[in-house]
Amino acid sequence: MKINTQSVHFNADSKLLAFIDEKVSKLTTYYENIVDADVTLRLDKSSTQDNKIAEIKIRVKGNELFAKKQCLSFEESIDACVDALRTQLKKYKEKLQEA
């Protein structure tokens, strides 16, 4: 699976990029036919602490799944997105098996 990571208006460090690759790559254990993943990291211009936004869009054959989360850190945001996508992938896989 190819993972494209984009950070908007800042440069993500190598530890964060490695963390993203590790977490997103684990999604293939739930559904192995993932084509690729687009990860976008963004800082929200709000006054609150939870201004780190992560968006993950994964493409599977014939469909796209998406998750967007806002948390205190990018790691938390990525974890929350991966959890949401894990649930979506399980439902998608069940739906395919029923058809």
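All residue numbers here refer to positions counted from 1 along the written sequence of the relevant chain. pLDDT decides what is reported in this predicted model: residues at 70 or higher carry local features, side-chain atom pairs at 80 or more are listed and counted, and totals for whole chains, interfaces and linings draw on all residues regardless. Each side-chain value is worked out from all heavy atoms of the structure, with water and hydrogens disregarded.

Asks: Would you explain the overall build of the chain in this entry?
Replies: The helix and strand labels rest on DSSP assignments: H or I over at least four residues marks a helix, E over at least two residues marks a strand, and numbering proceeds from the N terminus. In terms of helices and strands, the chain carries 2 helices and 4 strands. The N-to-C order of helical and strand elements in the chain reads β-α-β-β-β-α. A radius of gyration in this sense is built from C-alpha atoms; the matching globule rule multiplies 2.2 Å by the number of residues raised to 0.38. Its C-alpha radius of gyration of 14 Å places the chain within 12% of the 13 Å reference for a compact globule of 99 residues. Dimensions of the chain, computed from C-alpha atoms along their principal axes, come out at roughly 45 × 25 × 20 Å. Any two residues whose heavy atoms approach within 4.5 Å are treated as being in contact. For the chain, the share of sequence-separated contacts (at least 6 apart) that also reach a separation of at least 24 residues comes to 49%. We get accessible surface area from the Shrake-Rupley algorithm with a probe of 1.4 Å; when it comes to residues, only the shown protein chains can shield them. A total of about 6200 Å² of accessible surface is found on the chain, and carbon and sulfur atoms cover 47% of it.

Asks: Any chance you could explain helix H2 (residues 74-98) here in plain terms?
Replies: At 3.6 residues per turn, the α-helix brings residues three or four places apart onto the same side. The span expected for a helix works out to 1.5 Å for each residue beyond the first. Helix length check: H2 (25 residues) gives 36 Å between terminal C-alpha atoms against 36 Å at 1.5 Å per residue, within 8%. Elements that come into contact with the buried residues of H2 comprise helix H1 (14-25), strand S2 (34-43), strand S3 (52-60) and strand S4 (63-71).

Asks: Please explain the side chain of Asp-38 as it appears in this structure.
Replies: As for its placement among the helices and strands, Asp-38 is situated in strand S2. In protein, a polar contact means a hydrogen-donor-capable atom and an acceptor-capable atom, both N or O and within 3.5 Å, with residues adjacent in sequence counting only if both atoms are side-chain atoms; elsewhere, any N or O pair within 3.5 Å suffices. Of note is the side chain of Asp-38, whose polar atom sits 2.7 Å from the side chain of Arg-59.

Asks: Explanation requested: the pairing of S4 in the structure shown.
Replies: On a regular strand, each side chain points to the face opposite its neighbour's, so the side chains alternate between the two faces of the sheet. When DSSP finds two or more bridges between a pair of strands, those strands are recorded as paired. Two elements, S3 and S4, share 9 bridges in a ladder whose sense is antiparallel. Looking at the pairing, Lys-52 lines up with Cys-71 of S4. Hairpin connection between S3 and S4: a loop of 2 residues separates the two successive antiparallel strands, and Gly-62 in this loop has a positive phi of roughly 85 degrees.

Asks: Any chance you could explain the pairing of S3 here in plain terms?
Replies: Pairing geometry for S2 and S3, over 9 bridges, is antiparallel. Looking at S3, one finds that Thr-40 is bridged to Glu-55.

Asks: How should the pattern of salt bridges be read in this particular structure?
Replies: When their charged atoms lie close together, side chains carrying opposite charge are able to pair. A carboxyl oxygen of Asp or Glu within 4 Å of a side-chain nitrogen of Lys or Arg is what we treat as a salt bridge. Overall, the coordinates contain 8 salt bridges when judged by the stated rule. Salt-bridge contacts for Glu-64 lead to Arg-59; the nearest nitrogen and oxygen are separated by 3.8 Å. When accessible area is computed with a 1.4 Å probe and restricted to protein chains, residues below 20% of their type maximum are described as buried, those above 50% as exposed, and intermediate ones as partly exposed. We classify Glu-64 as partly exposed; its relative accessible area is 45%. A salt bridge links Asp-83 to Arg-86; the shortest N-O distance between them is 2.8 Å. One end of the pair, Asp-83, and the other, Arg-86, are both in helix H2, 3 residues apart, so they sit about a helical turn from each other.

Asks: Please explain the packing of H1 against H2 as it appears in this structure.
Replies: Packed helices, taken two at a time, are described by the angle their axes make and the gap between the axes. It is at 10 Å that the axes of H1 and H2 come closest, and there the two elements cross at 15 degrees. By the criterion of interaxial angle, the relationship of H1 to H2 is roughly parallel. For H1 against H2, the interelement crossing comes out right-handed. For the pair H1 and H2, the contacting residues are Leu-16, Phe-19, Ile-20, Lys-23 and Val-24 in the first and Phe-74, Glu-75, Ile-78, Asp-79 and Val-82 in the second. Here the term charged refers only to Asp, Glu, Lys and Arg, the term nonpolar to Ala, Val, Leu, Ile, Met, Phe, Trp, Tyr, Cys and Pro, and the term polar to all other amino acids, Gly among them. For the contact of H1 with H2, the class distribution of residues is 7 nonpolar, no polar and 3 charged. Convention adopted: a line fitted to C-alpha atoms gives each axis, helices being fitted over their contacting stretch, and angles between N-to-C directions are expressed from 0 to 180 degrees. If an angle is under 35 degrees, it is roughly parallel; if it is over 145, roughly antiparallel; if it lies from 65 to 115, roughly perpendicular; otherwise it is oblique. We call a crossing left-handed when the near helix sits turned anticlockwise from the far one by less than a right angle, and right-handed when that turn is clockwise.

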